[in-house]
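What follows is each chain in one-letter form.
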Amino acid sequence: MDILSKLFGSAGRIKIMRLFLFNPDIVFENKDIHARSKVSPEQVRREVALLRSIGFIKKKAFVKLRPATSGKKALKKHISGWVLNESFRLLIPLQNLLIHVDPLKKEEITHRFAHCGRLKLVVLSGVFIQEMDSRVDMLIVGDSLRKRVIEHVMRIIEAEIGKELSYAILDTKEFLYRFGIYDKFVRDIFDYPHEKIVDKLGVF
């Protein structure tokens, strides 16, 4: 993301722009942007003001429903947030740049999972190789995998990419069994475009 940071001024701005580009129909409040992008509330306010000033996003009112709880009825609240301005004149070039440029280097992804257990196989698909119809974005196979640590790493990567990721975690024994019986889920990953960044199993 270093090159993009130099082009656009800050990594936080890129995260926020990706968030809107990957979720063009969703209306975000500032607190939602902060939660999803992991950018500080102060920077969110600055970046939102800047992106609105250039027409990248626009204000939109929507209804938020507070679920019913014991003793309280469901409550509808009319609030306003921000949504991608699909009439923005540079939208297509920005989509091509921010969505189709790899957000993370492959070796950086591998490094982030270094303390998550004994990795045997890591396969990238989906958003990582611009194949949006893939079953998953990432498959992680290994032994003694620390799932909570993996989930934490995935949340960080999601913030940087701007999109919720679909991923699967399998221990080596289960993966080899499912691979051996031509399990549809596993085969769908390997029968379509993918990239292996860790492969200690030599499955192909």
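Residues numbered from 1 in each chain as written. Predicted model: local features only at pLDDT ≥ 70, side-chain atom pairs only at ≥ 80, totals over all residues. Heavy atoms only, no water.

Student: Teacher, can you tell me more about the packing of aromatic side chains here?
Tutor: To describe a pair of aromatic rings, you give the distance between the ring centres and the angle between the ring planes. Within this structure, the stated rule accounts for five aromatic pairs. Taking the centre distance of 5.5 Å and the plane angle of 90 degrees together, the rings of F20 and F28 count as edge-to-face. Accessibility classification places F20 together with F28 in one group, the buried group. Here the aromatic rings of F175 and F190 are separated by 6.1 Å at their centres, their planes lie at 50 degrees, and the arrangement is tilted. Of this pair, F175 sits in helix α8 (residues 172-180) while F190 is found in helix α9 (residues 184-191), placing the two residues 15 residues apart along the sequence. Neither residue differs from the other here; F175 and F190 are each classed as buried. (Phe/Tyr/Trp six-rings, centres within 6.5 Å; stacked < 30°, edge-to-face > 60°. Buried < 20%, exposed > 50% of the residue type's maximum accessible area, 1.4 Å probe, protein only. Helix = DSSP H or I, 4+ residues; strand = E, 2+ residues; numbered from the N terminus.)

Student: In this structure, what is going on with the packing of helix α2 (residues 11-22) against helix α5 (residues 91-100)? I would like to understand it.
Tutor: When two helices pack together, their arrangement is given by the angle between the helix axes and by the axis-to-axis distance. Contact geometry of α2 with α5 gives a least axis separation of 10 Å together with a crossing angle of 110 degrees. Relative to α5, α2 is oriented roughly perpendicular. The handedness of the crossing between α2 and α5 comes out as left-handed. The residues of α5 that touch α2, namely those facing I14, M17, R18, L21 and F22, are L91, L94, Q95, L98 and I99. Of the residues contributing to the contact of α2 with α5, the split by class is eight nonpolar, one polar and one charged. (Axes fitted to C-alpha atoms, helices over the stretch in contact; angles between N-to-C directions. Parallel < 35°, antiparallel > 145°, perpendicular 65-115°, else oblique. Left-handed = near helix turned anticlockwise from the far one by under 90°. Contact = heavy atoms within 4.5 Å. Nonpolar A, V, L, I, M, F, W, Y, C, P; charged D, E, K, R; others polar.)

Student: It is not clear to me how the pattern of salt bridges should be interpreted in this structure. Could you clarify?
Tutor: Two side chains with opposite charge may pair up if their charged atoms get near one another. Scanning all chains against the criterion turns up ten salt bridges. One salt bridge connects R187 with D191, and the closest N-O pair in it is separated by 3.7 Å. You can see R187 and its partner D191 sitting in helix α9, four residues apart, about one turn around the helix. Salt bridges here are not isolated pairs; linked through shared partners, they connect E108, R112 and E160. (Salt bridge = Lys/Arg side-chain N within 4 Å of Asp/Glu carboxyl O.)

Student: Looking at this model, I keep getting lost on the packing of helix α3 (residues 30-37) against helix α4 (residues 41-53). Mind explaining?
Tutor: Here α3 crosses α4 at 115 degrees, and the two axes come no closer than 9 Å. Crossing of α3 against α4: the hand is right-handed. Only P41, V44, R45 and V48 of α4 make contact with α3, whose side of the interface consists of N30, I33 and H34. In the contact of α3 with α4, the residues fall into four nonpolar, two polar and one charged.

Student: What is the right way to look at the sheet that holds strand β4 (residues 138-143) in this model?
Tutor: In a beta sheet, neighbouring strands pair by backbone hydrogen bonds and run either parallel or antiparallel. As summarised here, the arrangement of the four strands in space is β5-β4-β3-β6, forming an open sheet in which the pairing is mixed. The open sheet terminates on both sides in strands that have one partner only, identified here as β5 (167-171) and β6 (195-199). Adjacent strand axes in the sheet meet at a mean angle of 10 degrees when their direction is disregarded. Bridge analysis of strand β3 (residues 118-124) against β4 gives six bridges, and the strand direction is antiparallel. Opposite L124, over in β4, you have M138 as the bridge partner. Contacts between α9 and the sheet are confined to β3, β4 and β5, with β3 contributing the most and set at about 60 degrees to the helix. (Pairing = 2+ DSSP bridges.)

Student: Any chance you could explain the environment of F22 here in plain terms?
Tutor: For F22, the position within the fold is in helix α2. According to the relative accessible area criterion, F22 is buried, its value standing at 14%. Separated by 76 residues in the primary sequence, F22 and L98 have C-alpha atoms spaced 9.6 Å apart. Filtering out sequence-adjacent residues up to four positions away, F22 remains in contact with I99, V127, M132, I161, G162 and K163.

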